[in-house]
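Descriptive structure summary
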There are 4 protein chains.
Amino acid sequence: MGRKRAFTEEELLDKAEMLIIQHGYSGFHLKLLASHLPGARSTIYQYYANKEEIAAACMKKAMVRALIKAGYVDETDPIEALKQLLRVYMEEADLHYFLGDARKIDVSQSKKAEQNVGEVLAMLKHLRGQLDLLFDRAQKQGTIRSDLPISVMAGLFFQLINTPNTLQLPPHEWADYLFTLWYEGSGAY
Amino acid sequence: MGRKRAFTEEELLDKAEMLIIQHGYSGFHLKLLASHLPGARSTIYQYYANKEEIAAACMKKAMVRALIKAGYVDETDPIEALKQLLRVYMEEADLHYFLGDARKIDVSQSKKAEQNVGEVLAMLKHLRGQLDLLFDRAQKQGTIRSDLPISVMAGLFFQLINTPNTLQLPPHEWADYLFTLWYEGSGAY
Amino acid sequence: MGRKRAFTEEELLDKAEMLIIQHGYSGFHLKLLASHLPGARSTIYQYYANKEEIAAACMKKAMVRALIKAGYVDETDPIEALKQLLRVYMEEADLHYFLGDARKIDVSQSKKAEQNVGEVLAMLKHLRGQLDLLFDRAQKQGTIRSDLPISVMAGLFFQLINTPNTLQLPPHEWADYLFTLWYEGSGAY
Amino acid sequence: MGRKRAFTEEELLDKAEMLIIQHGYSGFHLKLLASHLPGARSTIYQYYANKEEIAAACMKKAMVRALIKAGYVDETDPIEALKQLLRVYMEEADLHYFLGDARKIDVSQSKKAEQNVGEVLAMLKHLRGQLDLLFDRAQKQGTIRSDLPISVMAGLFFQLINTPNTLQLPPHEWADYLFTLWYEGSGAY
DNA sequence: TATGAATGAGTATTCATTCAT
DNA sequence: TATGAATGAATACTCATTCAT
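Residues numbered from 1 in each chain as written. Chains lettered and ligands numbered in written order. Predicted model: local features only at pLDDT ≥ 70, side-chain atom pairs only at ≥ 80, totals over all residues. Heavy atoms only, no water.

1. Details of the overall build of chain A
Put simply, the rule is: The numbering of helices and of strands both runs from the N terminus, where a helix is a DSSP run of H or I of at least 4 residues and a strand a run of E of at least 2. Residue burial is assigned from relative accessible area. The probe radius is 1.4 Å, only protein chains are included, and a residue is buried under 20% of its type maximum, exposed over 50%, and partly exposed in between. It only takes one pair of heavy atoms within 4.5 Å for two residues to be counted as in contact.
If you tally the helices and strands in chain A, you get 8 helices and 0 strands. Overall, chain A shows an N-to-C arrangement of helices and strands of α-α-α-α-α-α-α-α. Taken along the three principal axes of its C-alpha coordinates, chain A extends 65 × 35 × 30 Å. Out of the 189 residues belonging to chain A, those deemed buried represent 47%. Partitioning the intrachain contacts of chain A with sequence separation of at least 6 by distance along the chain shows that 68% fall at a separation of at least 24.

2. Points about the interface of chain A and chain B
One widely used convention gives an interface's size as the accessible area the parts lose upon coming together. Which entries qualify depends on this criterion: Buried area adds together the accessible area that both of two parts lose upon being put together, with accessible area traced by a 1.4 Å probe. Counted as a polar contact is a pair of N or O atoms within 3.5 Å, where, for protein atoms, one must be capable of donating a hydrogen and the other of accepting one, and residues adjacent in sequence contribute only when both atoms are in side chains. Polar here means any residue other than Ala, Val, Leu, Ile, Met, Phe, Trp, Tyr, Cys and Pro, which are nonpolar, and Asp, Glu, Lys and Arg, which are charged; Gly is therefore polar.
Listed as interface residues are 37 residues of chain A and, on the opposing side, 37 residues of chain B. Between chain A and chain B, the buried area comes to about 3100 Å², and carbon and sulfur atoms account for 62% of it. Of all residues in chain A, A:Arg145, A:Leu156 and A:Ser186 give up the largest surface area on contact with chain B, accounting jointly for 20% of the area buried on that side. For the interface between chain A and chain B, the tally reads 18 residue pairs in polar contact (both at pLDDT 80 or more). At the level of elements, helix H1 (9-23), helix H7 (150-162) and helix H8 (171-184) of chain A are the ones that each hand at least two residues to the side of chain A that touches chain B. In terms of residue class, the side of chain A that touches chain B is built from 17 nonpolar, 17 polar and 3 charged.

3. What about the UniProt feature "DNA-binding region" (unreviewed entry) in chain A?
How we decide: UniProt positions are given in the numbering used here, feature names are shortened, and annotations may be inferred rather than shown by experiment.
Within this numbering scheme, the UniProt entry marks residues 29-48 of chain A as carrying the feature "DNA-binding region" (unreviewed entry). The annotated region residues 29-48 of chain A carries 30% helix and 0% strand content, and the separation between its end C-alpha atoms amounts to 14 Å.

4. Re the UniProt feature "domain: HTH tetR-type" (unreviewed entry) in chain A
Residues annotated in UniProt with the feature "domain: HTH tetR-type" (unreviewed entry) correspond here to residues 6-66 of chain A. Regarding residues 6-66 of chain A, the helix share stands at 61% and the strand share at 0%, and the terminal C-alpha atoms are separated by 28 Å.

5. Some details on the protein's contact with DNA strand F
Stated formally: When at least one non-hydrogen atom of a residue lies within 4 Å of a molecule or strand, that residue is treated as near it.
What surrounds DNA strand F is a group of 41 residues, the closest being B:Ser42, B:Thr43, C:Ala6, C:Ser42 and C:Gln46. Between DNA strand F and B:Ser42, the relevant distance is 2.7 Å, taken from a base oxygen to a side-chain nitrogen or oxygen of the residue. Going through the elements one at a time, helix H2 (30-35) of chain A together with helix H2 (30-35) of chain D are the ones with two or more residues in the surface near DNA strand F. For the surface near DNA strand F, the residue count by class is 12 nonpolar, 16 polar and 13 charged.

6. Quick notes on the environment of B:Asp132
Mapped onto the elements of the fold, B:Asp132 is located in helix H6 (residues 111-141). Between the alpha carbons of B:Asp132 and B:Met59 there is a distance of 23 Å; along the sequence they are 73 residues apart.

7. Describing the protein's contact with DNA strand E
Around DNA strand E, 41 residues are found, and the nearest of them are A:Ala6, A:Ser42, A:Gln46, D:Ser42 and D:Thr43. Contact distances for DNA strand E include 3.2 Å between a phosphate oxygen and a backbone N or O atom of B:Lys31. A distance of 3.4 Å separates a phosphate oxygen of DNA strand E from a polar backbone atom of D:Ala40. When residues of the surface near DNA strand E are traced back to their parent elements, those giving at least two are helix H2 (30-35) of chain B together with helix H2 (30-35) of chain C. Its residues assigned to classes, the surface near DNA strand E comprises 12 nonpolar, 16 polar and 13 charged.

8. Thoughts on the packing of aromatic side chains
Threshold: Centre distance within 6.5 Å is the pairing criterion for rings of Phe, Tyr and Trp, where only the six-membered ring of Trp is used; planes under 30 degrees apart are then read as stacked, over 60 as edge-to-face, and the remainder as tilted.
Counted under the stated rule, the structure contains 30 aromatic pairs over all chains. Considering the side-chain rings of C:Phe157 and C:Trp182, the 5.2 Å spacing of their centres and the 75° angle between planes classify their relative orientation as edge-to-face. Highlighted residues: C:Phe157 in helix H7 (residues 150-162) and C:Trp182 in helix H8 (residues 171-184), separated in sequence by 25 residues. By relative accessible area, which is 0% here, C:Phe157 ends up buried. Between D:Phe179 and D:Trp182, the aromatic rings sit 5.5 Å apart at their centres with planes inclined by 45°, giving tilted as the arrangement. Here D:Trp182 and D:Phe179 lie together in helix H8 (residues 171-184), a separation of 3 residues that amounts to about one turn.

9. Notes on the relation of the copies chain A and chain B
The condition is simple: The copies were overlaid by least squares, fitting only the C-alpha atoms of residues that reach a pLDDT of 70 or more in each copy.
Between chain A and chain B, the superposition needs a rotation of 179° and an axial shift of 0.1 Å, giving an RMSD of 0.2 Å. Interpreted geometrically, this transformation is the action of a two-fold axis. Rotation axis and chain A: the residue whose C-alpha lies nearest the axis is A:Gly185, separated from it by 1.8 Å. In this assembly the copies share their binding face: 100% of the residues contributing to the interface of chain A also contribute to that of chain B.

10. A closer look at the packing of helix H1 (residues 9-23) of chain C against helix H3 (residues 51-71) of chain C
Residues and elements named next belong to chain C. In plain terms, the rule: Angles run from 0 to 180 degrees between N-to-C directions of axes, and those axes are lines fitted to C-alpha atoms, restricted for helices to the stretch in contact. Between 65 and 115 degrees an angle is taken as roughly perpendicular, under 35 as roughly parallel, over 145 as roughly antiparallel, and anywhere else as oblique.
Where H1 meets H3, the axes come as close as 9 Å, and the angle between the chain directions of the two elements is 95°. Classed by the angle they form, the pair H1 and H3 counts as roughly perpendicular. Contacts between H1 and H3 involve Glu10, Leu12, Leu13, Asp14, Ala16, Glu17 and Ile20 from the former and Ile54, Ala55, Ala57, Cys58, Lys61, Ala62 and Arg65 from the latter. Its residues placed into classes, the contact of H1 with H3 shows 9 nonpolar, no polar and 5 charged.

11. Some details on a nonpolar patch on the surface
As a reminder of what qualifies: Every patch collects residues that have over 30% relative accessible area and no salt bridge, joining them within 9 Å if they carry like charges and within 5 Å if they are nonpolar side chains (Val, Leu, Ile, Met, Phe, Trp, Tyr). Working definition of accessibility: Shrake-Rupley area with a 1.4 Å probe, residue cover restricted to the visible protein chains. Counted as salt bridges are all cases of a side-chain nitrogen of Lys or Arg within 4 Å of a carboxyl oxygen of Asp or Glu.
A cluster of nonpolar side chains, namely B:Val64, B:Ile68 and B:Tyr72, defines an oily patch on the protein surface of about 330 Å² accessible area. Relative to the helices and strands, B:Ile68 is located in helix H3 (residues 51-71).

12. Section: the pattern of salt bridges
Side chains bearing opposite charge may pair, as long as their charged atoms lie close to each other. All names here are of chain A. The final tally for this structure, using the stated rule, is 48 salt bridges over all chains. Of the charged contacts, one joins lysine 60 and glutamate 119 as a salt bridge, the two residues approaching to 3.0 Å between their closest N and O atoms. Remark: glutamate 119 occurs in helix H6 (residues 111-141) and lysine 60 occurs in helix H3 (residues 51-71); sequence separation between them is 59 residues. Lysine 60 gets classed as partly exposed once you look at its relative accessible area, which sits at 26%. Look at the salt bridges and you will find they share partners, linking Glu17, Arg65, Lys69, Glu91 and Glu92 into a network.

13. What about the nonpolar core?
Threshold: Side-chain atoms within 4.5 Å link the members of a nonpolar core, which is a set of buried Ala, Val, Leu, Ile, Met, Phe, Trp, Tyr and Cys residues.
Counting 136 residues, the largest nonpolar core has C:Leu12, C:Leu33, C:Ile54, C:Trp182, D:Leu12, D:Leu33 and D:Trp182 as its most contacted members. Not counting residues up to four positions away in its chain, the partners in contact with C:Trp182 are C:Leu82, C:Phe135, C:Ile144, C:Met153, C:Leu156, C:Phe157, C:Leu160, D:Gly185 and D:Ser186. One finds A:Ala34, A:Leu156, B:Ile79 and B:Val152 within the second-largest nonpolar core, a separate group that totals 135 residues.

14. Some words on the confidence of the model for chain A
What counts here: Each residue gets a pLDDT score, which is the predictor's confidence in that residue and runs from 0 to 100.
Of the residues in chain A, 100% reach a pLDDT of 70 or more, and the chain-wide mean stands at 93. Averaged pLDDT values for the elements of chain A fall to 81 in helix H5 (residues 94-102) of chain A and rise to 98 in H2(A).

15. Let's talk about H8(A)
For the α-helix, the turn length of 3.6 residues means that residues three or four positions removed from each other point alike. Stated formally: Expected helix span is computed as 1.5 Å times (number of residues minus one).
The end-to-end C-alpha distance of H8(A), which contains 14 residues, comes to 20 Å, matching closely the 20 Å that a straight helix rising 1.5 Å per residue would cover. After H8(A) finishes, the residue A:Gly185 shows a positive phi value of roughly 90°.

16. So, a negative patch on the surface
Where we set the bar: Charged residues are defined narrowly, with Lys and Arg counted positive, Asp and Glu counted negative, and His plus the chain ends left uncounted. Just so you know, the charge point we use is NZ for Lys, CZ for Arg, CG for Asp and CD for Glu.
Judged by side-chain charge, B:Asp74, B:Glu75, B:Asp77 and B:Glu80 come together as a negatively charged surface patch. Locating B:Glu80 in the fold gives a position in helix H4 (residues 78-91).

17. Let's talk about the environment of D:Lys51
Residue and element names in this part refer to chain D. Looking at where lysine 51 falls in the secondary structure, it is placed in helix H3 (residues 51-71). Judged by relative accessible area, lysine 51 falls into the partly exposed class, the value being 24%. Along the chain, lysine 51 and phenylalanine 28 lie 23 residues apart, while their C-alpha atoms are 9.0 Å from each other. Beyond its immediate sequence surroundings of up to four residues, lysine 51 is in contact with Tyr25, Phe28, His29 and Leu30.

18. A word on the side chain of D:Arg145
Relative to the assigned elements, D:Arg145 resides in the loop between helix H6 (111-141) and helix H7 (150-162). If we ignore the near neighbours within four places in the chain, the residues touching D:Arg145 are C:Thr180, C:Leu181, C:Glu184, C:Gly185, C:Ser186, C:Gly187, C:Ala188, D:Gln139 and D:Met153.

19. Some details on H6(A)
Residue and element names in this part refer to chain A. Taking 1.5 Å as the rise per residue, H6 with 31 residues should run 45 Å; its terminal C-alpha atoms sit 45 Å apart, in good agreement. Taken together, the buried positions of H6 are Ala113, Asn116, Val117, Val120, Met123, Leu124, Leu127, Gln130, Leu131, Leu134, Phe135 and Ala138. Close packing links the buried residues of H6 with H3, helix H4 (78-91), H5, H7 and H8. Where H6 terminates, the next one or two residues include glycine 142, which has phi positive at roughly 80°.

The following block contains the structure:
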């Protein structure tokens, strides 16, 4: 009953994600979003009460996607697990753009936005925890070096995710190259 | 003659840089800038004709600063030179935030902005060229591995600059840690 | 320094008061207000951050005006004082329109509005307190009847203020007529 | 035939009346109305073509209700009749809120609204006429004073209706208290 | 008939930029 | 030159009303 929908919520969030990544959170306007969707700007308000809710929902969706994938990773061997996780994260590379922006969302006007942002940050913490555990286990196992602080290695590991894929390789291949470099180093001995 | 200066151009650009880094280019407003300067918002227009010119001038200034420092690096030994360059870049870590934003500046309204942005991109290319040369020499010299594409190693090297200094170490020390990791890898053999 | 003001804050609040009385609080728009002032709608925001602040400032101003006048009333003889107070209130008859609306103001977005509304309600309480005291004294003195609850007499007294001046008499004269009626009744014996 | 009614016209008008009284005419929205009814906002348009018609119908209904009750009042004794009328009006106290708002309805878009508003104003005039007649008879009879203009007494009489029932007494009792005061005055002699 | 959805016109608010002192 | 003030264009959001199922 009622008219046919001009676009699904799914489409809305996908476009929004794309635009936030392209323009940053503060460069993200509903006018812009509307221009990438069929239908009128005001139609968007049928789904979300304000800009903040859209951004928050967007981030939550991306985060959940990543979390689910990360859940499938077999953690028996920590090094292998890290390698798999890197692949997952690189497929969801946008996440990193979001993370910084999540805290920029003005959450004071909308309960829903507040909750979603909260959940995003919680999930983020969870992911970091998973990584920390793997690093810890790897170090105890003797498969990563112990002469440097874990946080330096973890920090660099996180940076891998953002490394622009200049060669335009398929994400998996690119991820594996970077992992090799991170693990073995760029030096020749 | 006339009133005393409310603030110098120097101060203006410094604050602008800080704010662009903090809020991203699209989150950067003249109202915000004025609130971080003594004097009135309209006074800013005594120095620059519009927002875009400010951003462009800002970036150019940071770029020149980096270029000068990079010029002092002794390039005799490519590996040592890379290490030194990393230090330089990390002192100017903000540069990276700028790089993405440089292309976001709407350059169509202002000749000056257009020119500055052009120069910034040229200098950036120059820096990349310097790096590429060093990588090339290092590879020929046999001090970095040859089994992986240079661009992967260079890409990762560039990412080092952005790695958040989670331990709050002095930049030099942090830079050296990262360089070691990049060169030797995180793995233990 | 700077341009000449298009209108004073005084003028702004006066027009706003007039319009709120005419259209009620929810019928009060900044577009409407701007159309009754020289200059552009956006200029209003130089003085007040939002609609709510304007309404709140408006009410406070009217309230203070009334309070000052009420302060001059000689309270030696309670009946005479009530008569004088009625004159004051009728000159400020708009107050009553405001009182209901004060609670409608959405105070959650603006500290200033919240404070002003708070002060308005406090001043209102003060005025009611002054009246209650006078009624009490009059009753003890035996000048108003004791066989009916004070609150009925006070309630009716308050209603006098809103009685439309259908004969278009000068406010003082009108007030005195009504006071006579309130005190002596409409009946003939 | 078709779906079962989501709500009756009766319910619609009752809710509308409540909301107009609560929020004033300009604060009355169809969105608000819909949220107080089962069924969808658009269903309202099955009954009325626009907001103005609803408000007008609402007022007419309340007016007719009052008129019918007023018709039952025995007018033999004018004073007694006034007392009865006050009871009637106080049961329909909302009327007064409407009266001011009736003129605010934008009647230019809807014939029906225009007609209803016209009828409301006519009925109002009729009621005033009824009152005026009673006042006149009472004065001639010598039961209300002649030293003050009728319109002042009538004006105050009308105000009685709006007097907030601060003691929360049953309407009849409250009405009688007020009538006594209006007739005998608040003074003690 | 009831309704979910679409929409356009209206209001609130912000901000870069221009004016006039 | 510095600046307080003015302003218009842009965006956020709301709501009455219309459509299509």
